[in-house]
Amino acid sequence: MTRLEEMLQANEAYCKNPPVDYTGEDAHESKLPKKKIAVFTCMDTRLVELLEPALGLKRGDAKFVKTVGNTLIGPFDGVVRSLMVATYELGIEEIFVVGHDECGMAKTTAKSLIEAMHARGVDDAAIAPLREELVHWADSFSHPAENVKEVVQKLRENPLLPKDLKIHGLMLHPRTGKVDLIESGDA
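Bear in mind that the values here come from a model prediction, so they are computed numbers and not experimental data. (Residues numbered from 1 in each chain as written. Predicted model: local features only at pLDDT ≥ 70, side-chain atom pairs only at ≥ 80, totals over all residues. Heavy atoms only, no water.)

Next up on the list: the state of the cysteines. Under the counting rule described, the total for this entry stands at zero disulfides. Of the cysteine sulfurs around C103, a residue in no disulfide, the closest is that of C42, at 4.2 Å. (Disulfide = S-S within 2.5 Å.)

The subject of this paragraph is helix α7 (residues 144-157). Across its 14 residues, α7 extends 20 Å between first and last C-alpha, which sits within 8% of the 20 Å expected from 1.5 Å per residue. Every buried residue belonging to α7 is among P144, N147, V148, V151, V152 and L155, and all of these are buried. The buried residues of α7 all sit within an arc of 135 degrees when viewed along its axis, so they share a single face. In this fold, the buried residues of α7 make contact with β1 (37-42), α3 (78-88), β3 (94-100), β4 (166-172) and β5 (179-183). (Helix = DSSP H or I, 4+ residues; strand = E, 2+ residues; numbered from the N terminus. Expected span 1.5 Å × (residues − 1). Buried < 20%, exposed > 50% of the residue type's maximum accessible area, 1.4 Å probe, protein only. Arc of directions from axis to C-beta. Contact = heavy atoms within 4.5 Å.)

Moving on: helix α1 (residues 3-16). With 14 residues, α1 ought to run about 20 Å at 1.5 Å a step, and its terminal C-alpha atoms sit 20 Å apart, in line with that. Counting buried residues along α1, only zero of its 14 residues qualify, which leaves the element largely exposed.

Right, let's get into the UniProt feature "binding site: Zn(2+)" (unreviewed entry) in the protein. Taking the numbering used here, the UniProt-annotated feature "binding site: Zn(2+)" (unreviewed entry) corresponds to C42, D44, H100 and C103. With the annotated positions falling across 62 residues, the maximum pairwise C-alpha distance of 8.9 Å places them together in a single cluster. In this fold, C42 is placed in strand β1. Overall, C42 belongs to the buried group, its relative accessible area being 4%. Position of H100 relative to the elements: it lies in strand β3. Setting aside its immediate chain neighbours within four residues, H100 contacts C42, D44, R46, L47, P144, M171, L172 and P174. (UniProt positions renumbered as here; feature names shortened; annotations may be inferred.)

Structure representation (structure tokens):
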């Protein structure tokens, strides 16, 4: 059985006995984060079932935006666009930038990515126009806590986000769930 077939089979079983009734009155409001917060974090699989309970959150409390290494590239990249919608359309009042110890992005380099891309059949002609950006992005990430500080600062300075939006920076340990405050948006 393929992974796709496994997932479709699991979905069929899930739909026969869902853990939550999504047909009630509250279902329409579920898109709004109850605690009016957004969490911008890494895509690391260890965080999937750890992050919410470690932060005292339940499903529906927050909007989650994930990228590799919780990196932010530009002033109007996909992360900022997601946070704009969360702010202006969904009513968030605070953003939590959550990095984590033992982040794999800290070991990723442009060279290793390009070599892997070539090995998987990506033509150098496709890579060439992005090589400089790839080097800047991949090779500049080496300290997850410093990245959190930089991302918090970039979001605070972003002219597309309101100045009254509280933006915090946190670090999470993926094996213990311990959270350390890096930057407070309450100051």
